[in-house]
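So you can see what is in the structure, the chains are spelled out below.
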Amino acid sequence: MQPLYGQLYQFSEVMGRMSLPVHQYLLATEPSVMFATGTSTQADWILPQIELLLEGRPLSYLVISHMESDECGGYRQFHKKYPKMTILCSQFTANELKGFGYKGRITIVDENSSVNEGQIALRFLRYPAEVHLRDGILCTDTRSGVVYSSDLMYHHMSDNRKVIEDSWENEVGSIGPSQIPDDVRRQRLVDDLSKISPKFIATGHGSCVKCTGNGQ
């Protein structure tokens with residue numbers, strides 16, 4: 001399996017009547033980071049590939065942006081395989097996971113949080129994606145230049161291109177009410193996103209984006 005960008009690997013499956021491509025990602029750094037688990041059925045085929053890519057190393061962190069099946073439906077399988085991994089998520093997501101009986105390690109993160117360890121330097125942004133627009137999270141790794149945008153940014157894969165090119169400014173400027181209907185929270189997120197300059201956008205759906213211009 002070849003990386004999509006740097007040490008970033010993509011796992012993808014087309015789901016549902018809309019034939020929506022759903023992506024999860026492994027940042028095979030030391031420590032390693034997984035962005036989303038996929039659904040329970042996706043996790044079953046993703047985990048053996050992760051084991052091969054990590055060559056026996058443990059998965060250190062699992063980033064869950066918000067509570068949807070394609071983001072965290074496989075969290076039980078991941079915890080069974082990697083019981084010492086730490087889930088990084090919002091307060092709302094942590095409460096939901098605990099309500100479902102999750103007993104693993106959870107670290108609650110927000111816009112003031114960071115994880116600086118080995119080859120990673122993770123930063124987080126508030127992302128109003130949860131039920132009733134409660135805050136989830138987006139995550140950027142300033143070492144690799146990768147930002148995981150979850151459901152925020154989407155490009156149709158009409159020509160089956162896994163990666164397209166665009167400027168970060170254009171991507172941020174295209175965020176509208178269809179993604180976040182609350183004007184105040186949308187503008188707050190746009191302002192926060194404007195303060196970073198990633199090199200690569202790992203999207204939850206559709207084509208990823210290689211950012212033109214200067215990276216972070």
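Everything numeric in this text was worked out from a predicted model, so none of it was measured. (Residues numbered from 1 in each chain as written. Predicted model: local features only at pLDDT ≥ 70, side-chain atom pairs only at ≥ 80, totals over all residues. Heavy atoms only, no water.)

**Student:** Is there a simple way to explain the sheet that holds strand β5 (residues 86–89) in this structure?
**Tutor:** Within a beta sheet, neighbouring strands are joined by backbone hydrogen bonds and run either parallel or antiparallel to one another. As summarised here, the arrangement of the six strands in space is β1-β2-β3-β4-β5-β6, forming an open sheet in which the pairing is mixed. The open sheet has two free edges, formed respectively by β1 (8–15) and β6 (105–108), since each of these has just one partner strand. Across the sheet, the mean angle from the axis of one strand to that of its neighbour is 20 degrees, orientation sign disregarded. Looking at chain direction, β1 and strand β2 (residues 20–27) are connected through eight bridges and run antiparallel. Residue glutamine 10 lies in a different strand from β2, and its bridge partner there is tyrosine 25. Across the sheet, helix α1 (residues 40–54) touches β1, β2 and β3 (33–35), and the angle it forms with β1 is around 165 degrees. (Pairing = 2+ DSSP bridges. Helix = DSSP H or I, 4+ residues; strand = E, 2+ residues; numbered from the N terminus. Axes fitted to C-alpha atoms, helices over the stretch in contact; angles between N-to-C directions. Contact = heavy atoms within 4.5 Å.)

**Student:** Any chance you could explain the packing of aromatic side chains here in plain terms?
**Tutor:** What describes a pair of aromatic rings is the distance from one ring centre to the other and the angle between the planes of the rings. A complete count under the given rule lists four aromatic pairs for this structure. Relative to tyrosine 148, the ring of phenylalanine 35 lies with its centre 5.3 Å away and its plane at 25 degrees, an arrangement referred to as stacked. Pair noted here: phenylalanine 35 is in strand β3 and tyrosine 148 is in strand β10 (residues 146–150), with a separation of 113 residues, a long-range link. Judged by relative accessible area, tyrosine 148 falls into the buried class, the value being 1%. Between tyrosine 75 and tyrosine 102, the aromatic rings sit 5.6 Å apart at their centres with planes inclined by 80 degrees, giving edge-to-face as the arrangement. Residue tyrosine 75 is located in helix α3 (residues 75–81), and its partner tyrosine 102 is located in the loop between α4 (91–99) and β6; the two are separated by 27 residues in the primary sequence. (Phe/Tyr/Trp six-rings, centres within 6.5 Å; stacked < 30°, edge-to-face > 60°. Buried < 20%, exposed > 50% of the residue type's maximum accessible area, 1.4 Å probe, protein only.)

That is the geometry; function is a separate question.
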